[in-house]
Amino acid sequence: MKTLLAALAFLFSLSSFGQGYPGKPVRIIVPYSPGGSTDILARALGAKLGERWKQSVIVENRIGASGMIGAEYVARAPADGYTLMMASPAEIALNQNLFSKMTYSPEKDFAPVTLVAIMPLVVATNPQLPASTMRELVELAKAKPGALGFASPGTGSSQHLTGELLNVMAGIHLVHVPYKGAGQSIPDVISGQVPLGVYGLFTIMQHVKSGRMRVLAVTTPKRAAAAPEIPTLAESGFPGFDTSLWFGLVAPAATPKDVIAKLNEDAVRSLRLPDMVERIDSQGAEVIASTPAEFGAFIAAETAKYAKVIKQANVRLD
């Protein structure tokens, strides 16, 4: 009887835990530098949550090791809903397949809250490259195996793996040319030193509009709302092609379910506000605002997809 009463008392306290949440400032950890897309989205969502909660939401940048420093910090934080992370593919779906040793487990150490937004990637070229469509690019690459390089912001990035997936699906050999960030590669693609690259849509739109770069396709299953004139890779002869940059809110794994539910409800409401939709759209991304279960299934699918690509391309970072 005492055991039963104790169990009921515990369940009652657990179910009521989220009712007073948040009772103090909440931190959103960004595992990258200020000013990037992950940081911008975390600060935009944090500001809206702060207004809704009448409570401070602090965005804190903990950078390094392909996002793993910030991710480990959140994984080891108290599971009370007061330390969250704005996650992206690297620390949740990619790194576990790129590194032989990790200090946290993406599957075991995090609880999904919501998939915030998806940003299409694009295949972009120097305008002088004699290929104005993906079909023409593939024909050119097949005619000159190993002669064309593609730029990415780093080995193991979503952009790099997108290029490797294109190699596999098209049966071509584009040579990976890694840079330390997208910004460093753009001048080389514009000048023609590297003929093409894979980028986040928003990253290069100003150069596309000025005519200094040409976009051949977006990597998501449907066309980007910010640039509906650009065809998808699926439309260009590669059915099922689907890669992107995505951003999602996660918490430490043992965070009470009612706190996760409240976080999801308030985050989703905030993300669907017209000014938030407009702001995220201005970043070249699309608001998703999923349930925790939907985000969890999405993470599992992304992890499996990239594990296959990484194995096929034999990519390692240690």
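The structure this text deals with has already been given above.
Quick notes on the rules
Residues numbered from 1 in each chain as written. Predicted model: local features only at pLDDT ≥ 70, side-chain atom pairs only at ≥ 80, totals over all residues. Heavy atoms only, no water. Helix = DSSP H or I, 4+ residues; strand = E, 2+ residues; numbered from the N terminus. Rg over C-alpha atoms; globule rule 2.2 N^0.38 Å. Buried < 20%, exposed > 50% of the residue type's maximum accessible area, 1.4 Å probe, protein only. Contact = heavy atoms within 4.5 Å. Areas by Shrake-Rupley, 256 points an atom, 1.4 Å probe, with all protein chains shown as cover. Lys, Arg positive; Asp, Glu negative; His and termini not counted. Charge placed at Lys NZ, Arg CZ, Asp CG, Glu CD. Phe/Tyr/Trp six-rings, centres within 6.5 Å; stacked < 30°, edge-to-face > 60°. Lys NZ or Arg CZ within 6 Å of the ring centre and 35° of its normal. Salt bridge = Lys/Arg side-chain N within 4 Å of Asp/Glu carboxyl O. Core = buried A, V, L, I, M, F, W, Y, C linked by side-chain atoms within 4.5 Å. Pairing = 2+ DSSP bridges. Right-handed = clockwise from strand over helix to strand, strands pointing away.

Draft legend 1. Structural context of the overall build of the protein chain. Along its length, the protein chain carries 12 helices and 10 strands. A compact globule built from 318 residues would reach a C-alpha radius of gyration of about 20 Å, and the protein chain, at 21 Å, matches this within 12%. When its C-alpha atoms are laid out on the principal axes, the protein chain stretches across 80 × 40 × 30 Å. Relative to its 318 residues, the protein chain shows a buried fraction of 52%. Considering only intrachain contacts with a sequence separation of at least 6, the fraction spanning at least 24 residues in the protein chain is 77%. Only carbon and sulfur atoms are counted for the fraction: they give 57% of the accessible area of the protein chain, which is about 14100 Å². In the protein chain, 29 side chains carry a positive charge and 25 a negative one; their mean positions are 3 Å apart.

Draft legend 2. Region of the structure containing the packing of aromatic side chains. Using the criterion set out here, one finds 5 aromatic pairs in the structure. Taking 5.4 Å as the distance between ring centres and 85 degrees as the angle between the ring planes, the aromatic pair formed by Trp246 and Phe298 counts as edge-to-face. Here Trp246, found in strand S9 (residues 244-252), pairs with Phe298, found in helix H12 (residues 292-313); they are 52 residues apart in sequence, far enough to count as distant. Taken together, Tyr21, Trp53 and Tyr82 form an aromatic cluster joined through their ring pairs. Directly above the aromatic system of Tyr82 lies the positively charged group of Lys24, at a separation of 4.8 Å from the ring centroid. Sitting over the face of the ring of Tyr73, Arg62 holds its NZ or CZ atom 3.7 Å from the ring centroid.

Draft legend 3. Structural detail: the side chain of Ser157. With respect to the element layout, Ser157 can be found in the loop between strand S5 (149-152) and helix H7 (158-170). Overall, Ser157 belongs to the buried group, its relative accessible area being 15%. Among all residues touching Ser157, those that are not within four sequence positions of it are Leu94 and Ser152.

Draft legend 4. Spatial organisation of the pattern of salt bridges. What the rule picks out here adds up to 10 salt bridges. A salt bridge links Arg223 to Glu235; the shortest N-O distance between them is 3.0 Å. Of this pair, Arg223 sits in the loop between strand S8 (214-218) and S9 while Glu235 is found in the loop between S8 and S9, placing the two residues 12 residues apart along the sequence. Residue class for Arg223 comes out partly exposed when judged on its relative accessible area of 37%. Linking Glu302 and Lys305 is a salt bridge whose minimum nitrogen-to-oxygen distance equals 2.7 Å. With Glu302 and Lys305 both in helix H12, this residue pair falls 3 residues apart, about one helical turn. Take Glu302: its relative accessible area is 5%, and that puts it in the buried class.

Draft legend 5. Region of the structure containing the nonpolar core. Among the nonpolar cores identified, the biggest contains 83 residues, and Leu45, Met86, Phe110, Met134, Leu137 and Leu166 are the most heavily contacted of them. Top contributing element to this core by residue count: strand S4 (residues 110-125), with 10 residues. What Leu166 contacts, discounting residues up to four positions off in sequence, is Met134, Gly171, Ile172, Leu174, Leu233, Phe238 and Phe241. Grouped together as the second largest cluster of nonpolar side chains are 18 residues, Val122, Ile186, Leu201 and Met205 included.

Draft legend 6. Local environment of the pairing of strand S1 (residues 26-30). Of all 5 residues in S1, 4 are buried, a share of seventy percent or more. Bridge count for S1 against strand S2 (residues 57-61) is 5 bridges, and the pairing is parallel. Bridged to Ile29 within S2 is Glu60. Following the backbone out of S1, through helix H2 (residues 37-53) and into the adjacent parallel S2, one traces a crossover that is right-handed. Where S1 and strand S3 (residues 83-87) come together, 3 bridges link them in parallel fashion. Paired with Arg27 across the strands is Thr83, a residue of S3.

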